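This is what each chain is made of:
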Amino acid sequence: MQKVDHKIFIIVAVLMLAGAVFSFTLPVFLEMRRHLSEYHFLERYILFGSVGFLIMILLANLNPDKWFNKIGWIIFVISGILVLILPFLPESIAPIINGAKRWIKIGPFKFAPVEFFKIGVIFFLSWSFTRKIKKTHHLKEDIKQFLPHLIFLGLFWILIVFMLSDLGQVFVMISLFILMLLAAGGKLKTFGIMVLAGISIIIPAILFAPYRFKRIKDWLYTASSNFLPQPIVDGSSANYGQVIQSMNAIHHGGIFGTGLGNGIFKLGFLSDVHTDFVLAGIAEETGIIGIGLITFLIGYLIYRIFKIAFRSEKKEYQLFALGVGSLIAIQFIINGLGVTSLIPIKGLTVPFLSYGGSSLMALCTAIGMVLMISKRAKYIKE
């Protein structure tokens, strides 16, 4: 059995160190407004990060042949049950925050089951596709293979969209479904069918939710005002200020940034600067150089995970590592495009950098499972 990929440990540790630093420097206005300690978000990031890192180390040292499936099923079943019951829990346990029930409250802490459910879905697809998806010669046979998976997970996705008001997470899971299906041997033609299936969920979710429709209008106004002489949507009543301030923050940072702690747009202009708009806050304080370094580290982490996928002899391990690497890539790209107004903001975290205990611990769990299976990957001298 090979040793774990220690470079992944180092990359994740550096990213989490950066996440801790920016959890201290960015949310200062929010801490002042809520009369919180100046170390409030830093302390919580360190707490969740430490627990997540310990989980990652623990999982990395387990035997994948004995523990991979057991842990994967535990994550999938428990998180799936929590997602199903979450809309029906009392507000004392599942508070409504920003008009949606997405968190379960335990004492002073909250966690979002859907963050762990994404990891569970990646495991379920890797387990099931390995056993059910075979290369076929006819599209009809291909559809018969993946349709039960789509119907089963589609029920969860519909619940998450319409009951938990979390379209962004469903978009990520549909993207993972498509990528993992193609990697498992599905036909390229199925890509179009999956896109249509995704659209069939996303369009009604937008049309029947006024705030989502308004978000699209806001994005259209912002994008058109940046790239066209005349905006294509009347923005007189559009609330597009956050994305505008995000781009202002990026522009203000320039090449070298204003320096850690010296950002201006975090002082009330960007209300979610430590979560949804963390890349804008980082860009202002560290400039293009800082964002470039972050992008390099994220890219190198994805490369190392994909390397494990390509070297793994078991197809189940290949698909799981591919799914985890794709998850990190999709969330980073979608958030980056959102803060620069190229697409509407989806409310997705930046892996390891955005403040959020659930996302952090779920990602550490996923990385720990990837490191676990890295011991079964073929060794190639680098």
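Quick look at the overall build of the protein now. A tally of regular secondary structure across the protein gives 13 helices and two strands. Taking all 382 residues of the protein together, 53% fall into the buried category. Partitioning the intrachain contacts of the protein with sequence separation of at least 6 by distance along the chain shows that 73% fall at a separation of at least 24. When the accessible surface of the protein is summed, it comes to about 17,700 Å², and 69% of that surface belongs to carbon and sulfur atoms.

Moving on, we get to the nonpolar core. With 108 residues, the main nonpolar core has Leu-301, Phe-320, Phe-352 and Ile-367 as its most contacted residues. At 13 residues, the largest contribution of residues to this core is made by helix 12 (residues 315-339).

In this model helix 1 (residues 6-25) runs 29 Å from its N-terminal to its C-terminal C-alpha over 20 residues, within 8% of the 28 Å that 1.5 Å per residue would give. Buried residues of helix 1: Ile-8, Phe-9, Ile-11, Val-12, Leu-15, Met-16, Ala-18, Gly-19, Ala-20, Phe-22, Ser-23 and Thr-25, and no others. Taken together, the buried residues of helix 1 touch helix 2 (28-33), helix 3 (40-60), helix 11 (278-311) and helix 13 (357-374). The distance from a side-chain oxygen at the start of helix 1 to the backbone nitrogen of Lys-7 is 3.1 Å, and the residue carrying that oxygen is Asp-5.

Confidence along the protein averages 84 in pLDDT terms, with 84% of residues attaining 70 or more. Counting interchain partners and residues more than four positions distant, the pLDDT-below-50 stretch residues 227-239 has 19 contacts.

Once that is clear, we can look at the side chain of Glu-285. You can see Glu-285 is positioned in helix 11. Taking the relative accessible area as the measure of exposure, Glu-285 reaches 2% and is therefore buried. A polar contact of 3.3 Å, which involves the side chain of Glu-285, links it to the backbone nitrogen of Gly-263. What Glu-285 contacts, discounting residues up to four positions off in sequence, is Phe-22, Thr-25, Leu-26, Phe-256, Gly-257, Thr-258, Gly-259, Leu-260, Gly-261, Asn-262, Gly-263 and Lys-266.

Moving on to helix 12. The end-to-end C-alpha distance of helix 12, which contains 25 residues, comes to 36 Å, matching closely the 36 Å that a straight helix rising 1.5 Å per residue would cover. Counting buried positions along helix 12 yields 20 of 25 residues, so the element is predominantly enclosed.

Right, let's talk about the packing of aromatic side chains for a bit. In the structure shown here, the tally under the stated rule is 22 aromatic pairs. With a centroid separation of 4.9 Å and an interplanar angle of 90°, the aromatic rings of Phe-41 and Tyr-355 are classed as edge-to-face. Pair noted here: Phe-41 is in helix 3 and Tyr-355 is in the loop between helix 12 and helix 13, with a separation of 314 residues, a long-range link. Given a relative accessible area of 5%, Phe-41 falls into the buried group.

All right, on to the pattern of salt bridges then. In the structure shown here, the tally under the stated rule is four salt bridges. In this structure, the salt-bridge partner of Lys-266 is Glu-285, at a minimum N-O distance of 2.7 Å. Note that Lys-266 is positioned in the loop between helix 10 (241-253) and helix 11 and Glu-285 in helix 11, a separation of 19 residues in sequence. Judged by relative accessible area, which is 4%, Lys-266 ranks as buried.

Let us look at the packing of helix 1 against helix 11. When two helices pack together, their arrangement is given by the angle between the helix axes and by the axis-to-axis distance. It is the contact of helix 1 with helix 11, at a shortest axis distance of 10 Å, that shows an interaxial angle of 150°. Relative to helix 11, helix 1 is oriented roughly antiparallel. Handedness of the crossing formed by helix 1 with helix 11: left-handed. Of the residues in helix 11, those in contact with Lys-7, Ile-8, Ile-11, Val-12, Val-14, Leu-15, Ala-18, Phe-22 and Thr-25 of helix 1 are Ile-282, Glu-285, Thr-286, Ile-294, Leu-297, Ile-298, Tyr-300, Leu-301, Arg-304, Ile-305 and Ile-308.

Basis of the calculations
- Residues numbered from 1 in each chain as written.
- Predicted model: local features only at pLDDT ≥ 70, side-chain atom pairs only at ≥ 80, totals over all residues.
- Heavy atoms only, no water.
- Helix = DSSP H or I, 4+ residues; strand = E, 2+ residues; numbered from the N terminus.
- Buried < 20%, exposed > 50% of the residue type's maximum accessible area, 1.4 Å probe, protein only.
- Contact = heavy atoms within 4.5 Å.
- Areas by Shrake-Rupley, 256 points an atom, 1.4 Å probe, with all protein chains shown as cover.
- Core = buried A, V, L, I, M, F, W, Y, C linked by side-chain atoms within 4.5 Å.
- Expected span 1.5 Å × (residues − 1).
- Polar contact = N/O pair within 3.5 Å; in protein donor to acceptor, adjacent residues only side chain to side chain.
- pLDDT = per-residue confidence, 0-100.
- Phe/Tyr/Trp six-rings, centres within 6.5 Å; stacked < 30°, edge-to-face > 60°.
- Salt bridge = Lys/Arg side-chain N within 4 Å of Asp/Glu carboxyl O.
- Axes fitted to C-alpha atoms, helices over the stretch in contact; angles between N-to-C directions.
- Parallel < 35°, antiparallel > 145°, perpendicular 65-115°, else oblique.
- Left-handed = near helix turned anticlockwise from the far one by under 90°.

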